[in-house]
Each structure stands twice: as C-alpha cells, then as structure tokens.
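Geometric and topological summary
Each chain, written out:
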Amino acid sequence: MRKKRACILLWILFAVLLAARILVQMSYWILLAAESCGLSFVLLRESGMPSGKYVRLSWLFALLSTCAYLGYQRDPWILLYGLRAGIPTLLSSLAVFSVMEKHEEYELVSGKGKHPVLTSILIAVAAGLFLAGINLLLAGEEIRFAFDPWYLFLSLNPAIYEEMACRSVFMAFCAGYSDEEMDLFEKFTMYFMMCVPHTVIHGYPLTETIILCVLFGLPFTLMQRKRDIMTAMISHGIVDALRFLLIGM
C-alpha cells in the first residue's frame, strides 16, 4: 500500500510539472530539480544514509556535475550556477545509493556475467555511438569537428546530473518502499517517471518531445533498469560529447 501511495505521489508531481510546462514560462529544469530534491529527502528519511563509500561517491558526482559547467564558460562564478545541478545530484545520489544497498533492485555497476564492467562499458559505447548518430541526424546541422577537451568535461554534467537527479531517483522512489514485487501499475509508473519528465522539461513541442522520449529517454531508462546506472551514464555522456564536438553547444 505504501508503494501505491508513492506512485500516486509521483503522478501528482508529474501533473504539477506538466501544468507548469503548459501554463508557465520558466526554467522547467529548476522545477524538476526541486521535485528530485524533495523525493531524495523522503527516501533518505526512510532509508537513512548509504555506506561511506557511496557518500564519498555522491560528493564526487556532485562536484563533477557542478564543475562541468566550466566546460561551457571558464569563469569561476559559473560554479555558483552549477550548484543548480550539484545539489540535486548530491541528494539524489545519496538517496539512490541508500535504497540500492537496502533493496538491491538495481545496481550502479552490474555484477552479471564473467566480465560485468567490460560488458557494461561495451554496451554503453555501442548504444552511445548509435544514439549519437541519431541525435546528429535529428539536429540537421553541418558537421564541423572541433576537438576541445572542455566539451568532454561539459558532457559530464548530463551524464551524471541528468541520469541521477532526473532519472535514477524515480527508480529508487518506486523500488524503495517494500521488498514486494511491483505490480503492473507500479512498474508502468516507474518506467514512465524515469523517461517522460526529463524529456518534457526540455521545452520542445509535443511531437518532438515524444520522439526524444522514445529515441533517447527510453533507451537510457532501459539501460539503468535492465543493466546498471553506469551504462546509462556513459552512453548519455557519449551522446552529448559527440554533439558538442561535432556541431557545438
């Protein structure tokens, strides 16, 4: 029953996000980040803090997602702006890892198979290159390769922040309220919330939003749920890095 209430809460939050998207001109990223932080606080209150190694990793993720904005603008003051990603990344990472340790519904790095880390990396690279190709085709802009290591650094932001604070936290919220198997409604809620809100806040019209949700949101969601979080992070990072390198920001 508690898991059902958790799912209903997610639908209420999505309704708020959708209403804002339709009726209000604002930074929808801030709204989703606020919802992500709220969900993270709830999970941390329920599950407590994760173990020390995951606390340290959460701080590392927060630091990288904040400092990655230097790839956009080499100005120390940009780091203050970067906190809009760093703070949600920290809170969501702590919550995601806490639930992960207690419920074992998902993994940061898969332990399946003989060479799980290598397998995850190969899946991530293959998926990332394929999705990057689609992304470049959809952009329809002239390819003008210009290598810049700052672009690679900047790609850490979507790879970490968007996968943790805009996707993983919803998986944790759906998985973190009981050890019982999720029913169809709960599974649908989890996949929907991992996929759709992050796509909606990009601010595109309906048709483009649906296309992006199917072509990018759903694959990253499936990678997290069916393989591990690391696979989605690497794949997402490759997509954005190649976009930055080949057509700019």
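In this report, the structure presented in the accompanying data block is examined. (Residues numbered from 1 in each chain as written. Predicted model: local features only at pLDDT ≥ 70, side-chain atom pairs only at ≥ 80, totals over all residues. Heavy atoms only, no water.)

Quick notes on the packing of aromatic side chains
Aromatic rings in a pair are described by how distant their centres are and how their planes are angled relative to each other. In plain terms, the rule: Centre distance within 6.5 Å is the pairing criterion for rings of Phe, Tyr and Trp, where only the six-membered ring of Trp is used; planes under 30 degrees apart are then read as stacked, over 60 as edge-to-face, and the remainder as tilted. By the criteria applied, helices consist of DSSP H or I runs no shorter than four residues and strands consist of E runs no shorter than two, each listed in order from the N terminus. Think of it in three bands: residues with accessible area under 20% of the maximum for their type are buried, residues over 50% are exposed, and the middle band is partly exposed, with areas taken using a 1.4 Å probe on protein chains only.
The full count for this structure, using the stated rule, is eleven aromatic pairs. Taken together, a centroid distance of 4.7 Å and an interplanar angle of 35° make the contact between Trp 11 and Phe 192 tilted. Here the residue Trp 11 occupies a position in helix H1 (residues 2-23), and Phe 192 occupies one in helix H8 (residues 184-200), the gap between them amounting to 181 residues. Here the aromatic rings of Trp 150 and Phe 153 are separated by 6.1 Å at their centres, their planes lie at 65°, and the arrangement is edge-to-face. Taken together, the positions of Trp 150 and Phe 153, both in helix H6 (residues 149-154) and three residues apart, correspond to about one turn of that helix. The class of Trp 150 is partly exposed, set by a relative accessible area of 33%.

Description of the side chain of Ser 110
Which entries qualify depends on this criterion: Counting of polar contacts relies on pairs of N or O atoms within 3.5 Å, with two restrictions inside protein: one atom must be capable of donating a hydrogen and the other of accepting it, and residues adjacent in sequence are counted only when both atoms are side-chain atoms. We call two residues contacting when some pair of their heavy atoms lies within 4.5 Å.
Mapping Ser 110 onto the fold places it in the loop between helix H4 (78-103) and helix H5 (116-139). By relative accessible area, which is 2% here, Ser 110 ends up buried. Within the local environment of Ser 110, its side chain forms a polar contact with the backbone nitrogen of Lys 112, the two atoms lying 3.1 Å apart. Filtering out sequence-adjacent residues up to four positions away, Ser 110 remains in contact with Pro 116, Ser 120, Arg 227 and Asp 228.

Some details on the pattern of salt bridges
Test applied: Salt bridges are defined as contacts in which a side-chain nitrogen from Lys or Arg sits within 4 Å of a carboxyl oxygen from Asp or Glu.
Applying the stated criterion across every chain, the model contains two salt bridges. The shortest N-O distance in the salt bridge between Arg 225 and Glu 105 comes to 3.2 Å. Taken as a pair, Arg 225 in helix H9 (residues 206-227) and Glu 105 in the loop between H4 and H5 lie far apart in primary sequence, 120 residues in all. Given the relative accessible area of 25%, Glu 105 is considered partly exposed. Between Arg 167 and Glu 163 there is a salt bridge, and its shortest N-O distance comes to 3.0 Å. Highlighted residues: Arg 167 and Glu 163, both in helix H7 (residues 156-175), separated by four residues, approximately one helical turn.

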